Every structure is written in C-alpha cells, then in structure tokens.
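Observations on the three-dimensional arrangement
Listed here are the chains, written in short residue letters.
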Amino acid sequence: MKKHVLLNAPLSHVIATMGHTDQLVVCDAGLPIPAAPERIDLAVSRGVPKFMDVVQAITAEMQIERVIMAHEFAEVSPALHIELVAHMEHLATEQERNISFDYVSHEEFKQMTHTSRAVVRTGECTPYANVIFVSGVVF
C-alpha cells in the first residue's frame, strides 16, 4: 500500500506520467469537463472533498512551475484565492523554484481545460475555484 499523501490511484498515475509543461486541472463541482482529458471525479457531496484539501495532496506529489487561474476567482472568491496563492508561494519556497501565476478569463480557462491531461473534480462549491497546474521538472 502506498504510504504517502496521495492515495487515489488514478490521480497518482496521472501525476507519475506527466511530463514537463503537461497540465492538470483541479476544479469545483460546477466546471464543465470536456470529453478529451481524463476525468477524475472525487466529488462526494457538496463541499466534500474541499478544493484546498485536493490541492494540498496534489502539490505534495507534483512539481509545479506555473499556475493558471481565472480573473474571476480572485474577484468573486477572494478568501479561497488568497489561500491558494499563499499555499503555492509556500510550495515555491519548498521546491526552491519559482512558480509563475497567470490569469485568464473564465471562458479562456474553460477552453484551456480541453488540452489538459486530466481534470480533477472536487466537491467545492465556491465560485470559480478552479486552477490549472503546469508541470515542472525536478532537475
């Protein structure tokens, strides 16, 4: 049995097979998920699991060099946005590598999900609680 933070087999597999610049989406319960990327649906009920719980598990395993969010996330749900940014800044310090932050419109964000390796659906019901993690390299 795997003993590290991330126990979900499909999610662990996706991260293990990602290459440099591959993208992984973590989304709220309402984001439309396109047919092309793998869908990893973790949502159990409203709020379960929480967006940040899933983010923390993923970032414990994944090398991240870039984060993409919608402008609307910061504007409409500032508390969760601030929590995510603070977590990513802490992660950058741990990784000893910068993580860049890019913002796009929510419509552009939804289009970008079509080329992601996978979309991870949480039970989060906070508006615009969606992020794209762009894979970095560990060397």
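Thresholds applied
Residues numbered from 1 in each chain as written. Predicted model: local features only at pLDDT ≥ 70, side-chain atom pairs only at ≥ 80, totals over all residues. Heavy atoms only, no water. Helix = DSSP H or I, 4+ residues; strand = E, 2+ residues; numbered from the N terminus. Rg over C-alpha atoms; globule rule 2.2 N^0.38 Å. Buried < 20%, exposed > 50% of the residue type's maximum accessible area, 1.4 Å probe, protein only. Contact = heavy atoms within 4.5 Å. Areas by Shrake-Rupley, 256 points an atom, 1.4 Å probe, with all protein chains shown as cover. Lys, Arg positive; Asp, Glu negative; His and termini not counted. Charge placed at Lys NZ, Arg CZ, Asp CG, Glu CD. Axes fitted to C-alpha atoms, helices over the stretch in contact; angles between N-to-C directions. Parallel < 35°, antiparallel > 145°, perpendicular 65-115°, else oblique. Left-handed = near helix turned anticlockwise from the far one by under 90°. Arc of directions from axis to C-beta. Polar contact = N/O pair within 3.5 Å; in protein donor to acceptor, adjacent residues only side chain to side chain. Salt bridge = Lys/Arg side-chain N within 4 Å of Asp/Glu carboxyl O. Pairing = 2+ DSSP bridges.

Let us now look at the overall build of the chain. If you tally the helices and strands in the chain, you get 5 helices and 6 strands. Tracing the chain from N to C terminus, the helices and strands come up as α-β-β-α-β-α-α-β-α-β-β. Computed over the C-alpha atoms, the radius of gyration of the chain is 14 Å, within 12% of the 14 Å expected from 2.2 N^0.38 for a compact globule of 139 residues. On the principal axes, the C-alpha backbone points of the chain span a range of 35 × 30 × 25 Å. By residue count, 47% of the 139 residues in the chain fall in the buried class. Sequence-distant contacts in the chain: of pairs separated by 6 or more residues, those separated by 24 or more amount to 86%. Summed over its atoms, the accessible surface of the chain is roughly 7,100 Å², and 54% of this surface lies on carbon and sulfur atoms. Charged side chains in the chain number 10 positive and 17 negative. The centres of these two groups are separated by 7 Å.

Between helix α2 (residues 51-61) and helix α4 (residues 78-95), the shortest axis-to-axis distance is 11 Å and the interhelical angle comes to 15°. The orientation of α2 relative to α4 falls into the category roughly parallel. Remark: the crossing between α2 and α4 carries right-handed chirality. Only L80, E83, L84, H87, M88 and L91 of α4 make contact with α2, whose side of the interface consists of F51, M52, V55, Q56 and T59.

Residues L11, S12, V14 and I15 constitute the buried set of helix α1 (residues 9-17). End-on, the buried residues of α1 take up no more than an arc of 160°, which puts them together on one face. With respect to the buried face of α1, the exposed residues turned more than 90 degrees away are A9 and A16. The N-capping residue of α1, defined by a side-chain oxygen 2.9 Å from the backbone nitrogen of L11, is N8.

Take D53: it is sitting in helix α2. When its relative accessible area of 45% is taken as the criterion, D53 is described as partly exposed. In sequence terms D53 and E124 are 71 residues apart; their C-alpha atoms lie 10.0 Å from each other.

A separate point is the side chain of E124. Mapped onto the secondary structure, E124 falls in the loop between β5 (118-121) and β6 (131-135). Buried charge without a partner: E124 forms no salt bridge, and the closest opposite charge is K50, 7.1 Å away. Not counting the four nearest positions on each side in its chain, E124 is found in contact with D28, A29, G47, P49, K50, F51, L80 and A129.

The strand order across the open sheet formed by 6 strands is β2-β5-β1-β6-β3-β4, and the pairing between neighbours is mixed. Across the chains shown, the open sheet's two edge strands, defined by having one partner strand only, are β2 (38-41) and β4 (100-104). Adjacent strand axes in the sheet meet at a mean angle of 20° when their direction is disregarded. Bridge count for strand β1 (residues 23-27) against β5 is 4 bridges, and the pairing is parallel. The residue of β5 that forms the bridge with C27 is R121.

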